[in-house]
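Topology and contacts: notes
Listed below, chain by chain, are the residues.
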Amino acid sequence: IVAYWLQVPSIFGDHSACFNDAQWRRGLIRLSAAGWLSVVNLQATPILIGILSEKSEVASFQLASQFAFLIALMLVVMNVVQAADFSAANVRKDKQKLQLLARHSCRLSAAFSFGAIVVFALFGQTFLQLALSAEFDDVFGLLILISIGVLINALSGSAGTILNSCNHERDV
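Quick look at the structure, then. (Residues numbered from 1 in each chain as written. Predicted model: local features only at pLDDT ≥ 70, side-chain atom pairs only at ≥ 80, totals over all residues. Heavy atoms only, no water.)

1. Considerations on the packing of helix α3 (residues 55-91) against helix α4 (residues 95-131)
Relative orientation and spacing of two packed helices are given, respectively, by the angle between their axes and the distance between those axes. It is at 9 Å that the axes of α3 and α4 come closest, and there the two elements cross at 170°. Classified by the angle between their axes, α3 and α4 sit roughly antiparallel to one another. Its residues assigned to classes, the contact of α3 with α4 comprises 18 nonpolar, five polar and three charged. (Axes fitted to C-alpha atoms, helices over the stretch in contact; angles between N-to-C directions. Helix = DSSP H or I, 4+ residues; strand = E, 2+ residues; numbered from the N terminus. Parallel < 35°, antiparallel > 145°, perpendicular 65-115°, else oblique. Nonpolar A, V, L, I, M, F, W, Y, C, P; charged D, E, K, R; others polar.)

Set out below in structure tokens:
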């Protein structure tokens, strides 16, 4: 991150484009902080579960979280792929294109998430018994619960990505 911070946007050489180095660095710091908070959140949850309950529940939670991440993968991919398109539509002040992109992203990620939950609901118990063992029977209920949360996240769309891509992250 530090190397990137020191090089952006100076790596582009002496072009006619004018970059505001301070603005780039502030954005990098904000996005990096959000990324670090996300990582800390992912790692702190199992630690808190281990402190507050039995150690076997930590393993169950970790397994359910990893399977649920597969459901969230489409939303993550859509955010990465469409961030530049969101930004370009914002620069052109094309609100209709921005709304169209946001709607399509939300629909695609929600449809994928809903389909994955249906597959997990129908075949998840059998898959978990085959892939793991009978001692992890409690993972199925937790998986469905976390998956519903991921679906709600997908239904809310790419709001954070749109705000960051359009430079409105401080407005909310």
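2. Thoughts on the layout of surface pockets
For the second largest pocket, the calculated volume is near 420 Å³. Those elements that provide at least two residues to the lining of the second largest pocket are α2 (21-52) and α3. With seven residues, α2 is the largest single contributor of residues to the lining of the second largest pocket. Each residue belonging to the lining of the second largest pocket can be placed in one class, and the counts come to five nonpolar, eight polar and no charged. (1 Å grid on protein atoms, 1.4 Å probe; cavity = no way out; pocket = protein on both sides within 12 Å on 5 of 7 lines; lining within 4 Å. Points joined across faces, edges and corners; volume = space filled by probe spheres on them.)

3. What to know about the packing of aromatic side chains
With the rule as written, the count across this model stands at two aromatic pairs. Judged by centre distance (6.3 Å) and plane angle (80°), the ring pair of F67 and F120 falls under edge-to-face. Linking F67 in helix α3 with F120 in helix α4, this pair joins segments that are 53 residues apart in sequence. For the pair shown, F67 and F120 are each scored as buried. Clustering of aromatic rings is evident, with ring pairs tying together F67, F120 and F127. (Phe/Tyr/Trp six-rings, centres within 6.5 Å; stacked < 30°, edge-to-face > 60°. Buried < 20%, exposed > 50% of the residue type's maximum accessible area, 1.4 Å probe, protein only.)

4. Quick look at the nonpolar core
In terms of nonpolar packing, the biggest core is built from 15 residues, with F67, I71, F120, L128, L143 and V150 touching the most fellow members. By residue number, the principal contributor to this core is helix α5 (residues 139-155), which donates six residues. Those residues in contact with I71 that lie beyond four places of it in its chain are F112, S113, A116, I117, F120, S147 and V150. Within the second largest apolar cluster, six residues are counted, among which are F86, A89, L101 and C166. (Core = buried A, V, L, I, M, F, W, Y, C linked by side-chain atoms within 4.5 Å. Contact = heavy atoms within 4.5 Å.)

5. Regarding a negative patch on the surface
A contiguous patch of negative charge, built from E54, E57, D137 and D138, is present on the exposed surface. With respect to the secondary-structure elements, D138 resides in the loop between α4 and α5. (Patch = residues over 30% accessible without salt bridge, like charges linked within 9 Å, V, L, I, M, F, W, Y side chains within 5 Å. Areas by Shrake-Rupley, 256 points an atom, 1.4 Å probe, with all protein chains shown as cover. Salt bridge = Lys/Arg side-chain N within 4 Å of Asp/Glu carboxyl O. Lys, Arg positive; Asp, Glu negative; His and termini not counted. Charge placed at Lys NZ, Arg CZ, Asp CG, Glu CD.)

6. Focus on α4
In this model α4 runs just 47 Å from its N-terminal to its C-terminal C-alpha over 37 residues, more than 12% under the 54 Å that 1.5 Å per residue would give. Maximum bend of α4: about 65°, positioned at F123. Inspection of α4 places L98, L101, S105, C106, S109, A110, S113, A116, I117, F120, G124 and L128 among the buried residues, and these make up the whole buried set. Against the buried residues of α4 lie α3 and α5. (Expected span 1.5 Å × (residues − 1). Bend = angle between axes of the 7 residues up to and from the residue.)

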